[in-house]
Each structure stands twice: as structure tokens, then as C-alpha cells.
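# Observations on chain architecture
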Amino acid sequence: MFIAAHLAIGLIIGKITNNYLFALIGALIIDIDHLIPYIKHKLIFNAKKFWKTVTDPKDPYGNQRNYLHSFFAWAIISIISVKINYNAGIALSMGYLSHLILDALDGSDFHPFYPLKYNVVGPIEYMSKDEWVITAVLFAVL
């Protein structure tokens, strides 16, 4: 899913947990692992190639969703964050989990147990009308 859907679900979880900051961190920061292939393949400084890559439903480099897009990473980060601060940790964990669930729904490659190569491809095409509708519904829930 694109960033707007993650933002919407993060805001919903922030409202539920009364902790917008950590819910949004959990829902959004996970995509930082996309930077690894963007930097590795020098896409950051080439706007045309960068835009083509981030809007492509297929992952041309096969590693945009890796380290942090894993239920293993979610479990470890959730346990640590809950032990540090229970309320903030719950909000972060729920935001993070929502991110993984939304990514499992879209049609892009998703390896939920990275580094294992098990791949999940959801029914909703990336950047499609359906994805925009889901995002609009999430914002309407707010």
C-alpha cells in the first residue's frame, strides 16, 4: 500500500490508543527499509528512475520490503518497545502490525517472514483504484 493508507491507519490507531506519535511511527517508519535498495541502486538522486521504482507494482530489485517488513522484526521491536514503555509500545506495535497487514493486501511482493523467501501477493493491485478506495474508507473512519 502507498503511504496515504499507512498514514490513515496510523491515525486510526493513534485515536484508539490515544498515542498518535508512536502509532504513526509504527505505521510509517517501517518503510525506511525501502531506502536500502534505493541507495544501493542510486535511485535517490535520479528522480525519473526513483518515481518509476516507487510506483511500479513489482519490486524490480526484489528487496524493497525486507528487514523491517517481517513478522520476526515486528515481534522483536514490539517486545522491546512494550518493555521500555507499555502504552507507547502497544501503540507502536499496533501501528507496525497494521503496516504489515496493509502490505500483505496489496499485489506487490511481500516476504512476511524475511529472511525466509515465503512470498505473499495480495488481491489489491498497487496504486489501483481499489487501493485508493480503501485509503478513502480508512480516512472516512477517522
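Residues numbered from 1 in each chain as written. Predicted model: local features only at pLDDT ≥ 70, side-chain atom pairs only at ≥ 80, totals over all residues. Heavy atoms only, no water.

## So, the overall build of the protein chain
Scanning the protein chain from terminus to terminus reveals seven helices and zero strands. Counting from the amino terminus, helix and strand elements in the protein chain follow one another as α-α-α-α-α-α-α. Against the globule reference of 14 Å for 142 residues, the protein chain gives a C-alpha radius of gyration of 15 Å, in line with a compact fold. With the principal axes as the frame, the protein chain shows a C-alpha extent of 40 × 35 × 30 Å. Burial status across the protein chain gives 42% buried among its 142 residues. Long-range contacts, defined as pairs at least 24 residues apart, comprise 61% of the intrachain contacts of the protein chain with a sequence gap of at least 6. Taken as a whole, the protein chain presents about 8,000 Å² of accessible surface, with 71% of it coming from carbon and sulfur. Averaging the locations of the 11 positively and 10 negatively charged side chains of the protein chain gives two centres separated by 6 Å. (Helix = DSSP H or I, 4+ residues; strand = E, 2+ residues; numbered from the N terminus. Rg over C-alpha atoms; globule rule 2.2 N^0.38 Å. Buried < 20%, exposed > 50% of the residue type's maximum accessible area, 1.4 Å probe, protein only. Contact = heavy atoms within 4.5 Å. Areas by Shrake-Rupley, 256 points an atom, 1.4 Å probe, with all protein chains shown as cover. Lys, Arg positive; Asp, Glu negative; His and termini not counted. Charge placed at Lys NZ, Arg CZ, Asp CG, Glu CD.)

## Things to note about the side chain of H6
Mapped onto the secondary structure, H6 falls in helix α1 (residues 3-17). Classification of H6 as buried rests on a relative accessible area of 0%. Discounting residues that sit within four places of it in the chain, H6 has contacts with M1, A27, L28, D31, H99, L102 and D103.

## A closer look at the nonpolar core
One recurring pattern in soluble globular proteins: nonpolar side chains tend to sit buried together. In terms of nonpolar packing, the biggest core is built from 12 residues, these being M1, A5, A8, I9, I12, I13, A23, A27, A91, L102, I124 and L138. Mapped by element, the contributors of at least two residues to this core are α1, α2 (20-28) and α6 (86-105). Per element, the largest residue contribution to this core is five residues, and it comes from α1. Counting five residues, the second largest nonpolar core, distinct from the first, contains A73, Y96, L100 and F110. (Core = buried A, V, L, I, M, F, W, Y, C linked by side-chain atoms within 4.5 Å.)

## Focus on the packing of aromatic side chains
The full count for this structure, using the stated rule, is six aromatic pairs. Each ring, one from Y67 and one from Y114, has its centre 5.4 Å from the other, and the planes form 80 degrees; the classification is edge-to-face. With Y67 in the loop between α4 (47-55) and α5 (71-84) and Y114 in the loop between α6 and α7 (129-141), this residue pair connects regions lying 47 residues apart in the sequence. Given the relative accessible area of 48%, Y67 is considered partly exposed. (Phe/Tyr/Trp six-rings, centres within 6.5 Å; stacked < 30°, edge-to-face > 60°.)

## Quick word on the environment of L142
Assignment of secondary structure puts L142 in the segment after α7. Owing to a relative accessible area of 36%, L142 belongs among the partly exposed residues under this scheme. Separated by 131 residues in sequence, L142 and L11 place their C-alpha atoms 7.5 Å apart.

## Some words on the environment of A88
Within the fold, A88 resides in helix α6. With 67 residues separating them in the primary sequence, A88 and L21 have C-alpha atoms 8.5 Å apart. The residues touching A88, leaving out its near neighbours within four places in the chain, are N19 and F22.

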